Amino acid sequence: QVQLVESGGGLVQSGGSLRLSCATSQSIFSLDVMGWYRQAPGNQRDSVAKLTNKDSTTYADSVKGRFTISRDNAKNTVSLQMNSLRPEDTAVYYCYTKKYGQSPSWGQGTQVTVSS
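Residues numbered from 1 in each chain as written. Predicted model: local features only at pLDDT ≥ 70, side-chain atom pairs only at ≥ 80, totals over all residues. Heavy atoms only, no water.

Caption draft 1: Spatial organisation of the packing of aromatic side chains. Tallied over the full model, the rule gives three aromatic pairs. Pairing Tyr 37 with Trp 106 gives two aromatic rings, centres 5.2 Å apart and planes at 75°, and the pair type is edge-to-face. Taken together, the positions of Tyr 37 in strand S4 (residues 33-39) and Trp 106 in strand S10 (residues 105-106) put the pair 69 residues apart, joining distant regions of the chain. Ring pairs connect the aromatic residues Tyr 37, Tyr 96 and Trp 106, which therefore count as one cluster. Over the ring of Tyr 94 we find Arg 45, and its NZ or CZ is 3.6 Å from the ring centre. Of note, Arg 45 hangs over the ring of Trp 106, and the distance from its end group to the ring centre comes to 5.0 Å. (Phe/Tyr/Trp six-rings, centres within 6.5 Å; stacked < 30°, edge-to-face > 60°. Helix = DSSP H or I, 4+ residues; strand = E, 2+ residues; numbered from the N terminus. Lys NZ or Arg CZ within 6 Å of the ring centre and 35° of its normal.)

As structure tokens, then:
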């Protein structure tokens, strides 16, 4: 299994930006999919962004145009740039990775809080 460690969460005002990072214990070349889920208070854990090993991206409708997922191959890191943040973006954000045919691996989560 892959070890994942998230960082970059915090408190930001509405309209501000944050950049989340997820460091992996393996080369990202060996990972088919990496991405981010989030879980807001009282809600289920929902997909936010996904990046495949073929460089295709998928975003939730609620974050399209505001969030960007990317990777740094040299640092074995995937990042989520979050701009124009809204209070409804407040959640715990979880990094994940998945190899096709295997169970996903999850990070411990990092809190993002957006104030009005």
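Caption draft 2: Here's a closer look at the sheet that holds strand S8 (residues 77-82). Spatially, four strands are ordered S1-S3-S8-S7 in an open sheet, and the strand pairing comes out antiparallel. Each edge of the open sheet carries a strand with a single partner, namely strand S1 (4-7) and strand S7 (67-72). Pairs of neighbouring strands in the sheet enclose a mean axial angle of 15°, with direction left out of account. (Pairing = 2+ DSSP bridges. Axes fitted to C-alpha atoms, helices over the stretch in contact; angles between N-to-C directions.)

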